[in-house]
Amino acid sequence: MFSSAEIGIDLGTANILVYSKSKGVVLNEPCVVAIDVNTKQVMAVGTEAKEMVGKTPKNIIPIRPLKDGVIADYDVTAQLLKELLKKVSKTLGMSMRKPNVIVCTPSGSTSVERRAIHNAVSSYGAKQVHLIEEPVAAAIGADLPVDEPYANVIVDIGGGTSEVGIISFGGIVSCNSVRTAGDKMDEEIIQHIRKQYNILIGERTAENIKMEIGYAHPNHKEETMEIRGRDMVTGLPKTIEVTSTEIYASLKESLEQILETIRSTLEECPPELSGDIVDNGIVLTGGGSQLNGMQEWLAEELSVPVHIAPNPLESVAIGTGRALKMIHKLQKAAK
């Protein structure tokens, strides 16, 4: 019973995933909370709250308490964790009293931001809270041999941040993160549609456009998509058709920033490990890695093999859970 109360949490900007040692990923829900501004009461969390985005009365506001991979609203994050961990208790069919928890944090987060994550999880009543850096968790979850003395390069393109890490001997050799990822791409699409067509669209529509006809590679077969939004001139609903070529143009700047972050991380790599990167290449994880043509585009730009993790959306959560075993090993060694 003790061992089953060990969980790993991937506290992402877009989604929160919970990994149980006994059952794998037991929860994967959007990191959204719907709050009644008058009573400060939580109306819904996760998937239910995300479905309310852009569709609620004025007194109910859907909030995303994490921004750029770190906690923006501490109290709401604590409430979100409380509600979602209650769901996990039901899924596991057991009480989650005093679980051992390991949470991943962005590599670029400050000590204050890490303390906020630690406290938010502790407030739920966790027995022990360990923090692990996101690139390490992603690499473990992507089945990379992080303990071995050669370079494992992981690129985790999430919702709020894109993390690039070179890992060897279980530690980070070189790491960079940029606050440009899935959310920024959605924002760029919203701005493009607004400037080009005078049409206002919501975050969910922008995300759908990105997933359907968003491309990372400039050379692709052009696709079109019908979208609906509000005409900013007449104020009435309007349907327009957008092409994958114009969506690529709106995403180009964000993609270049991610590429530049990967390049600068590879430049910091010790020469002894550079040979491993030529042989083994880099591994992509996170929702952003599933953008059409991302793998081919990065392979062309970087001239190294590019692979996608077996389960890119859940890699960090799986790695966070698996890291529990490593932390116990380290604790035993310390004794």
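For every chain, the first residue of the written sequence is number 1, and numbering continues from 1 along that sequence. The predicted nature of this model means local features are confined to residues of pLDDT at least 70 and side-chain atom pairs, given and counted, to a pLDDT of 80 or more, with totals for whole chains, interfaces and linings taken over all residues. Each side-chain value is derived from all of the structure's non-hydrogen atoms; neither hydrogens nor water enter the calculation.

### Details of the packing of helix α5 (residues 182-197) against helix α7 (residues 244-267)
Each pair of packed helices can be described by the angle between their axes along with the distance between the axes.
Phase 1 of the analysis: At their nearest, the axes of α5 and α7 sit 9 Å apart, and the two run at 145 degrees to each other. Our pair here, α5 against α7, has a crossing hand that is right-handed. Only Glu246, Ile247, Ser250, Leu251, Ser254, Leu255, Gln257 and Ile258 of α7 make contact with α5, whose side of the interface consists of Lys184, Met185, Glu188, Ile189, His192, Gln196 and Tyr197.
Phase 2 of the analysis: Charged means Asp, Glu, Lys or Arg here, nonpolar means Ala, Val, Leu, Ile, Met, Phe, Trp, Tyr, Cys or Pro, and polar covers whatever is left, Gly included. Grouping the constituent residues of the contact of α5 with α7 by class yields 7 nonpolar, 5 polar and 3 charged. Note on geometry: axes are C-alpha line fits, over the in-contact stretch for helices, and angles between N-to-C directions span 0 to 180 degrees. Helix and strand assignments follow DSSP, with helices taken as H or I runs no shorter than four residues and strands as E runs no shorter than two, numbered in order from the N terminus. Should the near helix be turned counterclockwise from the far one by less than a right angle, the crossing is left-handed, whereas a clockwise turn marks it as right-handed. Contacts are assigned to residue pairs with any non-hydrogen atoms lying within 4.5 Å of each other.

### Section: the sheet that holds strand β9 (residues 100-105)
Phase 1 of the analysis: Here the rule is simple: two strands pair whenever DSSP picks up at least two bridges between them. Here 5 strands make up an open sheet; going across it, the order is β3-β2-β1-β9-β10 and the pairing mixed. Looking at which strands have only one partner, the edges of the open sheet turn out to be β3 (24-30) and β10 (128-133). Strand-to-strand twist of the sheet, defined as the mean angle between neighbouring strand axes without regard to direction, takes the value 20 degrees.
Phase 2 of the analysis: With 5 bridges joining them, strand β1 (residues 6-11) and strand β2 (residues 15-20) adopt antiparallel strand pairing. Across the sheet, the residue bridging to isoleucine 7 is serine 20, located in β2.
Phase 3 of the analysis: Lying on the sheet, helix α3 (residues 111-122) is in contact with β1, β9 and β10; it crosses β10 at an angle near 145 degrees.

### Looking at the side chain of glutamate 6
Phase 1 of the analysis: Tracing the backbone shows glutamate 6 in strand β1.
Phase 2 of the analysis: A 3.5 Å cut-off defines polar contacts: any pair of N or O atoms within that distance qualifies, except that in protein one atom must be a possible hydrogen donor and the other a possible acceptor, and neighbouring residues in sequence count only when both atoms are side-chain atoms. Of the polar contacts made by the side chain of glutamate 6, one reaches the side chain of lysine 21; its length is 3.2 Å.

### With respect to the UniProt feature "binding site: ATP" (unreviewed entry) in the chain
Phase 1 of the analysis: The feature "binding site: ATP" (unreviewed entry), as given by UniProt, occupies Thr13, Ala14, Asn15, Gly159, Gly160, Thr161, Glu207, Asn208, Ile209 and Lys210 in the numbering adopted here.
Phase 2 of the analysis: Take glycine 160: it is sitting in the loop between β11 (152-157) and β12 (162-168).
Phase 3 of the analysis: Classification of glycine 160 as buried rests on a relative accessible area of 5%.
Phase 4 of the analysis: Ignoring anything within four residues of it in the chain, the contact list for glycine 160 reads Thr13, Asp68, Gly69, Val178, Arg179, Thr180, Ala181 and Asp183.
Phase 5 of the analysis: Relative to the helices and strands, glutamate 207 resides in helix α6 (residues 203-213).
Phase 6 of the analysis: Sequence-distant contacts of glutamate 207, defined by excluding residues within four places in its chain, comprise Lys50 and Asp186. UniProt positions are given in the numbering used here, feature names are shortened, and annotations may be inferred rather than shown by experiment. With a 1.4 Å probe rolled over the protein chains alone, any residue whose accessible area is under 20% of its type maximum counts as buried; one over 50% counts as exposed, and the rest are partly exposed.

### Details of the packing of helix α2 (residues 74-92) against α3
Phase 1 of the analysis: Where α2 meets α3, the axes come as close as 9 Å, and the angle between the chain directions of the two elements is 40 degrees. Our classification of the angle between α2 and α3 gives oblique. Every pair of crossing elements has a handedness; the one defined by α2 and α3 is right-handed. For the pair α2 and α3, the contacting residues are Tyr74, Thr77 and Leu81 in the first and Ala116, Asn119, Ala120 and Val121 in the second.
Phase 2 of the analysis: Of the residues belonging to the contact of α2 with α3, the class tally is 5 nonpolar, 2 polar and no charged. With respect to orientation, any angle under 35 degrees is reported as roughly parallel, any angle over 145 as roughly antiparallel, any angle of 65 to 115 as roughly perpendicular, and every other angle as oblique.

### Some words on helix α9 (residues 294-302)
Phase 1 of the analysis: Along α9, the residues that are buried comprise Met294, Trp297, Leu298 and Leu302. Summarising the axial view, the buried residues of α9 lie within an arc of 110 degrees, below the 170-degree limit, and thus occupy one face. The directions from the helix axis to the C-beta atoms form the arc being described.

### Things to note about the domain arrangement of the chain
Phase 1 of the analysis: What counts as a domain boundary in this text is fixed by an automatic or database domain assignment. Under the domain assignment, the chain is made up of domain 1 (6-136 + 317-334), domain 2 (145-180 + 254-309) and domain 3 (182-250).
Phase 2 of the analysis: Once you take the C-alpha centre of each, domain 1 and domain 3 turn out to be 31 Å apart.
Phase 3 of the analysis: Across the boundary between the two partners, domain 1 contributes 5 residues, which contact 4 residues of domain 3.
Phase 4 of the analysis: Buried area counts how much accessible surface, traced with a 1.4 Å probe, disappears from two parts once they are put together, with both parts' losses summed. A buried area of about 430 Å², summed over both sides, lies between domain 1 and domain 3, and 36% of it is on carbon and sulfur atoms.
Phase 5 of the analysis: Definition used for salt bridges: Asp or Glu carboxyl oxygen within 4 Å of a side-chain nitrogen of Lys or Arg. The interface formed by domain 1 and domain 3 contains 3 salt bridges.
Phase 6 of the analysis: Measuring nitrogen to oxygen at the nearest pair gives 3.1 Å for the salt bridge that ties arginine 64 to aspartate 183.
Phase 7 of the analysis: Counting the contacts that link domain 1 with domain 3 gives 2 residue pairs in polar contact (both at pLDDT 80 or more).
Phase 8 of the analysis: Of the residues in the side of domain 1 that touches domain 3, the class split is no nonpolar, 1 polar and 4 charged.

### What to know about helix α4 (residues 134-141)
Phase 1 of the analysis: Across the 8 residues that make up α4, a large majority, 8, are buried.
Phase 2 of the analysis: All of the buried residues in α4 are Glu134, Pro135, Val136, Ala137, Ala138, Ala139, Ile140 and Gly141.
Phase 3 of the analysis: Looking one or two residues beyond α4, the residue adopting positive phi is aspartate 143, at roughly 65 degrees.

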